[in-house]
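# Coordinates in review
What follows is each chain in one-letter form.
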Number of protein chains: 2
Amino acid sequence: MTLDDTDKKILRILQRNAKLSHKQIGDAVNKSATPVYERIRKMEEAGIVKGYVALVDPRKVGKALIVFTAVHLDRHEHDAIKDFEREIGKAEEVMECYHMTGTDDYLLKVAVRDMEEYQHFIVEKLSRLQNIGTVRSSFVMTEIKHETAVNV
Amino acid sequence: MTLDDTDKKILRILQRNAKLSHKQIGDAVNKSATPVYERIRKMEEAGIVKGYVALVDPRKVGKALIVFTAVHLDRHEHDAIKDFEREIGKAEEVMECYHMTGTDDYLLKVAVRDMEEYQHFIVEKLSRLQNIGTVRSSFVMTEIKHETAVNV
DNA sequence: GGTGAAAGGTCCAGAGA
DNA sequence: TCTCTGGACCTTTCACC
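Keep in mind that what you see is a predicted model, and the values were worked out from it rather than measured.

## Some points on the domain arrangement of chain A
One can read the domain layout of chain A as domain 1 (5-45) and domain 2 (58-139). Here domain 1 of chain A and domain 2 of chain A have C-alpha centroids that lie 37 Å from each other.

Here it is, written out as structure tokens:
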């Protein structure tokens, strides 16, 4: 599926505010509500729009500490890697996990209440996984920018 | 504002799918639509719910390369830091930027089309900012997990 | 917190550019 | 092929119980 300028404009709007009506979006892109609806439906079908979610402020629900945790595995066989990935997927503290280039294998973004909860995550969860080599933690002091919107 | 179990349940639902009607959410938490509506409105007012957005798959709109860029500044005076933060806020390639503990000052999450576009960002944008010391780039090979939902 | 009703949005069929 | 109009149906929002 290729996106024309109208599609891209709609995407930019929806990525900022998904609560606007098709009519309001139509006014912004010089179309009526129906073509807006049709274009959105097609982008949903194509998997370009993955879904609609509410964004919650972590600090206001007691998740004030954000940590980036770089993990280096001991062994790099296929099974060891798949095991790690499966287990990390289950950890509710882990919001993001990436398999990276470079000396560290994985980069995790972890959201917890405080340092005590982070220590618990490291000692009781991460360290108990098979095959963990080294772990390096970097703590977020300030969030300067956080966009969920992709630049289209 | 303190959240009871019903509020938390509503937040968990909305963070997964913001398109459900108040009636559907009410069925899931054993309430009618109105109290669901009132609770959501209060959480919006309190800033717990920051907004509603569409999630777009970066790979399907030509942003296939995700890079974590660690930046170390040369000087750490107040003005130098504020300058960097203001400029990075304007860069559309930068989806996230955090002021970090440790030897690196900032961690950026950058989304671009390909390596050529990343090189352009580093050479033409980042390196042109005053005060940049060292830059280390780590590339995402695979996204194992990416949650926007905060664990409440 | 529930009920019910007004206002307005979504979704789709049919027609036209 | 893409867009508009009109209408059935559903949701949001709010006054009242």
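On we go from here.
## Here we look at the protein's contact with DNA strand C
Neighbouring DNA strand C are the residues Ser21(A), His22(A), Thr34(A), Tyr37(A), Lys31(B), Ser32(B), Thr34(B), Pro35(B) and Arg39(B). Considering DNA strand C, the proportion of its atoms within 4 Å of the protein that are sugar or phosphate atoms stands at 79%. In the environment of DNA strand C, a phosphate oxygen lies 2.9 Å from a nitrogen or oxygen atom belonging to the side chain of Ser32(B). Thr34(B) is positioned with one of its side-chain polar atoms (N or O) 2.9 Å from a base oxygen of DNA strand C. For the surface near DNA strand C, the secondary structure elements donating two or more residues are α3 (33-45) of chain A together with α3 (33-45) of chain B. If you tally residues by element for the surface near DNA strand C, the top one is α3(B), at three residues. Across the surface near DNA strand C, the residue classes break down as two nonpolar, five polar and two charged.

## Section: the packing of helix α2 (residues 22-29) of chain B against α3(B)
All names here are of chain B. The interhelical angle for the contact between α2 and α3, taken along N-to-C directions, is 100°, at an axis separation of 8 Å. On the basis of their axis angle, the class for α2 and α3 is roughly perpendicular. Counting all contacts with α2, which are made through His 22, Lys 23, Ile 25, Gly 26 and Val 29, the residues of α3 involved are Ala 33, Val 36, Tyr 37 and Ile 40. Looking at the contact of α2 with α3 residue by residue, the classes come out as six nonpolar, two polar and one charged.

## Description of the protein's contact with DNA strand D
Around DNA strand D sit Lys31(A), Ser32(A), Thr34(A), Pro35(A), Arg39(A), Ser21(B), His22(B), Thr34(B) and Tyr37(B), and those are all the residues in its vicinity. In the interface set of DNA strand D, defined as its atoms within 4 Å of the protein, sugar plus phosphate atoms amount to 77%. Thr34(A) places a side-chain nitrogen or oxygen 3.0 Å from a base oxygen of DNA strand D. Contacts to DNA strand D include Arg39(A), whose side-chain N or O atom sits 2.6 Å from a phosphate oxygen. Going through the elements one at a time, α3 of chain A together with α3 of chain B are the ones with two or more residues in the surface near DNA strand D.

Conventions used here
- Residues numbered from 1 in each chain as written.
- Chains lettered and ligands numbered in written order.
- Predicted model: local features only at pLDDT ≥ 70, side-chain atom pairs only at ≥ 80, totals over all residues.
- Heavy atoms only, no water.
- Domains from an automatic or database assignment.
- Near = heavy atom within 4 Å.
- Polar contact = N/O pair within 3.5 Å; in protein donor to acceptor, adjacent residues only side chain to side chain.
- Helix = DSSP H or I, 4+ residues; strand = E, 2+ residues; numbered from the N terminus.
- Nonpolar A, V, L, I, M, F, W, Y, C, P; charged D, E, K, R; others polar.
- Axes fitted to C-alpha atoms, helices over the stretch in contact; angles between N-to-C directions.
- Parallel < 35°, antiparallel > 145°, perpendicular 65-115°, else oblique.
- Contact = heavy atoms within 4.5 Å.

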